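Observations on chain architecture
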Amino acid sequence: MPIVRFTRQRQAVLEAVKNSREHPDAARVFEAVRHVVPNISLGTVYRSLEALADDGHLLKLQQPGRPTRYDANLDGHHHLVCDSCGEVYDVTLAEMPDLRGLVQHVVPGFEVREQRVEFHGFCSRCQKN
Ligand SMILES: [Zn+2]
Ligand SMILES: [Zn+2]
């Protein structure tokens, strides 16, 4: 990863996502970062998140009709997405097949740059309601 000199604001935004296990959206990151950088704006948080995602420091989770969420966990893992409340849970399998390698092998002419595996359903909390 290239050495990037972060602004204090961008560093605080990255830390806020890293400290969260819940794949926060920009509004939740803003709430956390405000305590560290009191004069930061939601717009700055949003732009910092986008820049950090562009630079490969964060993963972006886009769901139709919901705000984009960000993930600082770059280790290979999959996501469980609750279609009712929108919560995103990490799932790491003991055996993680190298899907990317397999796909690249089958379609060598395509340059795979990222992969996403998402499982959709209802979390245990929403099943009770
Ligand atoms: Zn749910
Ligand atoms: Zn995740």
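These numbers were taken from a predicted model, which means no experiment stands behind them.

Considerations on the layout of surface pockets
- If you add up the space inside the largest pocket, you get close to 710 Å³.
- Put simply, the parts of the chain that give the lining of the largest pocket at least two residues each are helix H3 (42-54), strand S1 (59-61) and strand S3 (78-82).
- Its residues assigned to classes, the lining of the largest pocket comprises eight nonpolar, seven polar and nine charged.

A closer look at the coordination of the zinc ion (ligand 2)
- For the zinc ion (ligand 2), every protein donor is listed as His23 (NE2), Asp71 (OD), His77 (NE2), His79 (NE2) and Asp90 (OD), and the spread of their distances is 2.0 to 2.2 Å.
- All donors of the zinc ion (ligand 2) come from a single chain, and their spacing in sequence reads H-x47-D-x5-H-x1-H-x10-D. Linking His23 in the loop between helix H1 (8-18) and helix H2 (26-33) with Asp71 in strand S2 (residues 69-71), this pair joins segments that are 48 residues apart in sequence. Asp71 matches His23 in its accessibility class, with the two residues each being buried.

Examining the packing of H1 against H3
- Packing of H1 against H3 brings their axes to within 9 Å, and their N-to-C directions diverge by 75°. In this view, H1 runs roughly perpendicular relative to H3, as classed from their interaxial angle. Of the residues in H3, those touching H1 at Gln9, Arg10, Val13, Leu14 and Val17 are Thr44, Val45, Ser48, Leu49, Ala51 and Leu52.
- Here the contact of H1 with H3 is built from residues that sort into seven nonpolar, three polar and one charged.

Things to note about the nonpolar core
- Counting residues in hydrophobic clusters, the biggest one holds 17 residues, and the most contacted among them are Val13, Val29, Val33, Leu49 and Leu58.
- Counting residues per element, this core draws most heavily on H1, which supplies five residues.
- Look past the residues within four positions of Val33 in its chain and what remains in contact with it is Ala12, Val13, Ala16 and Ile40.

Re the pairing of strand S4 (residues 88-91)
- Of the strand pairs in this sheet, S3 and S4 are connected by four bridges, and their pairing is antiparallel. Its bridge partner being in S4, Leu80 is matched across the sheet by Tyr89.
- Connecting S3 to the next strand, S4, in antiparallel fashion are five residues, including Gly86 with a positive phi near 85°.

Calculation criteria
- Residues numbered from 1 in each chain as written.
- Chains lettered and ligands numbered in written order.
- Predicted model: local features only at pLDDT ≥ 70, side-chain atom pairs only at ≥ 80, totals over all residues.
- Heavy atoms only, no water.
- 1 Å grid on protein atoms, 1.4 Å probe; cavity = no way out; pocket = protein on both sides within 12 Å on 5 of 7 lines; lining within 4 Å.
- Points joined across faces, edges and corners; volume = space filled by probe spheres on them.
- Helix = DSSP H or I, 4+ residues; strand = E, 2+ residues; numbered from the N terminus.
- Nonpolar A, V, L, I, M, F, W, Y, C, P; charged D, E, K, R; others polar.
- Donors = N, O, S within 2.8 Å, 3.2 Å for Na, K, Ca; no water.
- Buried < 20%, exposed > 50% of the residue type's maximum accessible area, 1.4 Å probe, protein only.
- Axes fitted to C-alpha atoms, helices over the stretch in contact; angles between N-to-C directions.
- Parallel < 35°, antiparallel > 145°, perpendicular 65-115°, else oblique.
- Contact = heavy atoms within 4.5 Å.
- Core = buried A, V, L, I, M, F, W, Y, C linked by side-chain atoms within 4.5 Å.
- Pairing = 2+ DSSP bridges.

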